[in-house]
Amino acid sequence: MTDIIEKYVELIRERLSEKRFAHSVKTAEMSRELAQKHGFDPEKAYLAGILHDICKEADEAELRRLANKEELDPLEQEVIKLWHAPAGAVYVRETLGIDDVELTSAIRFHTVGRANMTTLEKIIYLGDLVERSRSYPEVEKYREYGLRDLDNGMYEALKWSINDCLERKKQISFNTYEAYNYYLKKG
């Protein structure tokens, strides 16, 4: 798997700015760490982490074309900034030929989450949120939540995300609300 990963690391290096590439590597590393902690395949987690933002810097036309091949919630249809996740899942599936539903789904839901996420979906969502170059207040606390327990980590991360959106007067995805309600009841 290492040769395959190296191939995709180089692809990401070519597709993304230096800053976004560094974030993708940090997300992949954090995803590997979370996977090791929770008994999941660390190489698959690393691969999903390195690919999670593959369409983050794509132009609007490409994002629209790819994202519209996925089922989007109403906010995702409206907010261009959210298109990179569904577009990335389609790009990985159609252009790279990676036909792994678990991996593409983790890319698809890494920004908004959803109810009853798979282990890899939780790992990539949290890996992106708490990768080691993140510096928002209390990031270490959220990183520890995820390392301790993925479901509680999701609950705490979703709670933080919703509060952050409320404070900044940003809309909240239906998928995010469903995810929060799911993990609230699960806890």
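Residues numbered from 1 in each chain as written. Predicted model: local features only at pLDDT ≥ 70, side-chain atom pairs only at ≥ 80, totals over all residues. Heavy atoms only, no water.

J.: What am I meant to see in the pattern of salt bridges here?
T.: Think of it this way: side chains of opposite charge can pair up when their charged atoms draw near. Across all of its chains, the model carries 21 salt bridges by this definition. The shortest N-O distance in the salt bridge between Arg108 and Glu70 comes to 3.5 Å. Residue Arg108 is located in helix H7 (residues 101-108), and its partner Glu70 is located in the loop between helix H4 (60-67) and helix H5 (74-78); the two are separated by 38 residues in the primary sequence. Exposure remark for Glu70: the relative accessible area of 21% places this residue in the partly exposed category. In this structure, Lys141 engages Glu138 in a salt bridge whose closest nitrogen and oxygen atoms are separated by 3.1 Å. (Salt bridge = Lys/Arg side-chain N within 4 Å of Asp/Glu carboxyl O. Helix = DSSP H or I, 4+ residues; strand = E, 2+ residues; numbered from the N terminus. Buried < 20%, exposed > 50% of the residue type's maximum accessible area, 1.4 Å probe, protein only.)

J.: What exactly am I supposed to notice about the packing of helix H2 (residues 18-37) against helix H3 (residues 42-51) here?
T.: Packed helices, taken two at a time, are described by the angle between their axes plus the distance between the axes. At their nearest, the axes of H2 and H3 sit 7 Å apart, and the two run at 155° to each other. Put simply, H2 runs roughly antiparallel to H3. As for the relative orientation of H2 and H3, their crossing is right-handed in sense. Along its contact with H2, which presents Ser24, Val25, Thr27, Ala28, Glu29, Ser31, Arg32, Ala35 and Gln36, the element H3 presents Pro42, Glu43, Ala45, Tyr46, Gly49 and Ile50. (Axes fitted to C-alpha atoms, helices over the stretch in contact; angles between N-to-C directions. Parallel < 35°, antiparallel > 145°, perpendicular 65-115°, else oblique. Left-handed = near helix turned anticlockwise from the far one by under 90°. Contact = heavy atoms within 4.5 Å.)

J.: Would you take a moment to explain the nonpolar core for this structure?
T.: Counting residues in hydrophobic clusters, the biggest one holds 59 residues, and the most contacted among them are Ile50, Leu51, Cys55, Leu103, Leu120 and Ile123. Setting aside anything within four residues of it in sequence, one finds Ile123 in contact with Ser31, Leu34, Ala35, Phe40, Ala45 and Leu150. (Core = buried A, V, L, I, M, F, W, Y, C linked by side-chain atoms within 4.5 Å.)

J.: Looking at this structure, how should I read helix H8 (residues 119-130)?
T.: Residue pairs three or four apart in sequence face the same way in an α-helix, which turns once every 3.6 residues. Helix length check: H8, at twelve residues, gives a terminal C-alpha distance of 16 Å against a target of 16 Å (1.5 Å per residue), a fit within 8%. Among the twelve residues of H8, eleven are classified as buried, and the element is accordingly described as predominantly covered. All of the buried residues in H8 are Leu120, Glu121, Lys122, Ile123, Ile124, Tyr125, Leu126, Gly127, Asp128, Leu129 and Val130. (Expected span 1.5 Å × (residues − 1).)

J.: What exactly am I supposed to notice about the side chain of Lys122 here?
T.: Note on placement: Lys122 falls in helix H8. Ignoring anything within four residues of it in the chain, the contact list for Lys122 reads Met117, Leu150, Asp151, Met154 and Tyr183.

J.: Even after reading the chapter, I still don't get the packing of aromatic side chains, so can you show me in this structure?
T.: Each aromatic ring pair is specified by the distance between its two centres and by the angle formed by the two planes. Applying the stated criterion across every chain, the model contains five aromatic pairs. With a centroid separation of 4.6 Å and 25° between ring planes, the pair formed by Tyr136 and Trp160 is classed as stacked. Taken as a pair, Tyr136 in the loop between H8 and helix H9 (139-148) and Trp160 in helix H10 (residues 150-167) lie far apart in primary sequence, 24 residues in all. Classification of Tyr136 by relative accessible area gives buried; the value is 16%. Here Trp160 falls in the partly exposed class, since its relative accessible area comes to 23%. It is Arg15 that lies over the ring of Tyr91; its NZ or CZ is 4.3 Å from the centre. The residue whose ring lies beneath Arg108 is Phe109, and the NZ or CZ to ring-centre distance is 4.4 Å. (Phe/Tyr/Trp six-rings, centres within 6.5 Å; stacked < 30°, edge-to-face > 60°. Lys NZ or Arg CZ within 6 Å of the ring centre and 35° of its normal.)

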